[in-house]
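Architecture and fold: a report
Residue-level listing of the chains:
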Amino acid sequence: MNALEKIKRSWWVIFSVIIVFNGLGFIYIGAIHDNRNWILEGVIYEIPWVFGIILSDFDPILDVYVAIAMILMLVSIVRSVWVAIKLADVYDNEEKYAIQSTALNNPNVNQDNSEFPTTVACVSCLVLIFIAYAILAFM
C-alpha cells in the first residue's frame, strides 16, 4: 500500500488534536475494526469534556475537568499516532495479519458469559469517579 492510501485510511487521527472531539477518532476506528477497547478508550477521552460542558457554570470544578481533559488530550494524540502507525503495518500485510475482535474463541473455556463484564465495570467506575468529583465540588 502506498503512502497516500495509508494517509487516507488514517484520517481519524485528526480528531485527536481537536479540542472536545479528541476521543471521536478512537470511537470511529474501534467501530470500524470491531474493537471494544478502542471504543472504550475514546469514551474515556471524551468524558471530561462532556462533564466540563455540563458543569460549565461552576468555575472551580471546571478547572479540574479542563486540566484532566487536556492531559487526556495529550495522551490521545500520542496514542492515536501510535495506533495509526501500527494499523499502517497491518494494512501493508492484510493477508498476513488479521484484525480480530477482542473476544477469544477458546473451546476449553466456558463461554456462558455469566461473569460480570469488566468493560462495563471499568466504565461505571470512571463515571462514578467523575460524579463524585462533581458532588465534592458542590460542597
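Relevant structure appears above.
Computed from a prediction, not measured in an experiment: that's the story for all the values here.

Of regular secondary structure, the protein possesses five helices and zero strands. Each helix and strand of the protein, ordered N terminal to C terminal, gives the series α-α-α-α-α. Taking all 139 residues of the protein together, the buried fraction comes to 28%. Carbon and sulfur atoms make up 67% of the accessible area of the protein, which amounts to about 9300 Å² in all.

Now for helix 3 (residues 36–54). Its 19 residues place the ends of helix 3 26 Å apart at the C-alpha level, agreeing with the 27 Å of an ideal helix rising 1.5 Å per residue. Along helix 3, the largest kink reaches about 30° and is centred on Glu46; proline Pro48 follows within four residues of it. Capping of helix 3 at its N-terminal end is provided by Asn35; its side-chain oxygen lies 3.0 Å from the backbone amide nitrogen of Asn37.

Scanning the entire structure with this criterion turns up four aromatic pairs. Relative to Phe26, the ring of Trp12 lies with its centre 5.7 Å away and its plane at 65°, an arrangement referred to as edge-to-face. Of this pair, Trp12 sits in the loop between helix 1 (3–9) and helix 2 (24–32) while Phe26 sits in helix 2, placing them 14 residues apart in sequence. You can call Phe26 buried: its relative accessible area is 1%. Among the aromatic residues, ring-to-ring pairing joins Trp11, Phe15 and Tyr28 into one connected group.

Time to look at helix 2. For an α-helix the count is 3.6 residues per turn, leaving residues at separations of three or four pointing the same way. Among the residues of helix 2, those classed as buried are Gly25, Phe26, Ile29 and Gly30. The buried residues of helix 2 all sit within an arc of 125° when viewed along its axis, so they share a single face. Within helix 2, the exposed residues directed more than 90 degrees away from the buried face are Ala31 and Ile32. Phi turns positive one or two residues past the end of helix 2, at Asp34, with a value near 55°.

Take Val50: it is sitting in helix 3. Distance from Val50 to Tyr65, taken between C-alpha atoms, is 9.1 Å for residues 15 residues apart in sequence.

For the rest of this paragraph, the subject is unusual backbone geometry. Although it is not a glycine, Val20 adopts a positive phi angle of roughly 80°. Topologically, Val20 is positioned in the loop between helix 1 and helix 2. For Val20, a relative accessible area of 25% puts it in the partly exposed group. Of note in this structure, Asp34 is not a glycine but carries a positive phi near 55°. Locating Asp34 in the fold gives a position in the loop between helix 2 and helix 3. Residue classification places Asp34 among the exposed positions, given a relative accessible area of 51%.

Conventions we followed
Position labels on residues start from 1 in each chain and follow its written sequence. Only residues with pLDDT of at least 70 get local features here, since the model is predicted, and only at 80 or more are side-chain atom pairs given and counted; chain-wide, interface and lining totals rely on the full set of residues. With hydrogens and water set aside, each side-chain value is computed from the structure's full complement of heavy atoms. Each helix corresponds to a stretch of at least 4 residues labelled H or I by DSSP, and each strand to a stretch of at least 2 residues labelled E; elements are numbered beginning at the N terminus. For the exposure calls, accessible area comes from a 1.4 Å probe over protein chains only, and a residue counts as buried if that area is under 20% of its type's maximum, exposed if over 50%, partly exposed in between. Accessibility throughout is a Shrake-Rupley quantity obtained with a 1.4 Å probe, and a residue counts as covered only by protein chains that appear here. Each residue after the first adds 1.5 Å to the expected span of a helix. Two axes define the bend at a residue: one fitted to the seven residues ending there, one fitted to the seven starting there, and the bend is the angle between them. Counting of polar contacts relies on pairs of N or O atoms within 3.5 Å, with two restrictions inside protein: one atom must be capable of donating a hydrogen and the other of accepting it, and residues adjacent in sequence are counted only when both atoms are side-chain atoms. When two rings of Phe, Tyr or Trp (its six-membered ring) have centres within 6.5 Å they constitute a pair, described as stacked for plane angles under 30 degrees, edge-to-face for angles over 60, and tilted for the intermediate range. The arc in question is formed by the directions pointing from the helix axis toward the C-beta atoms.

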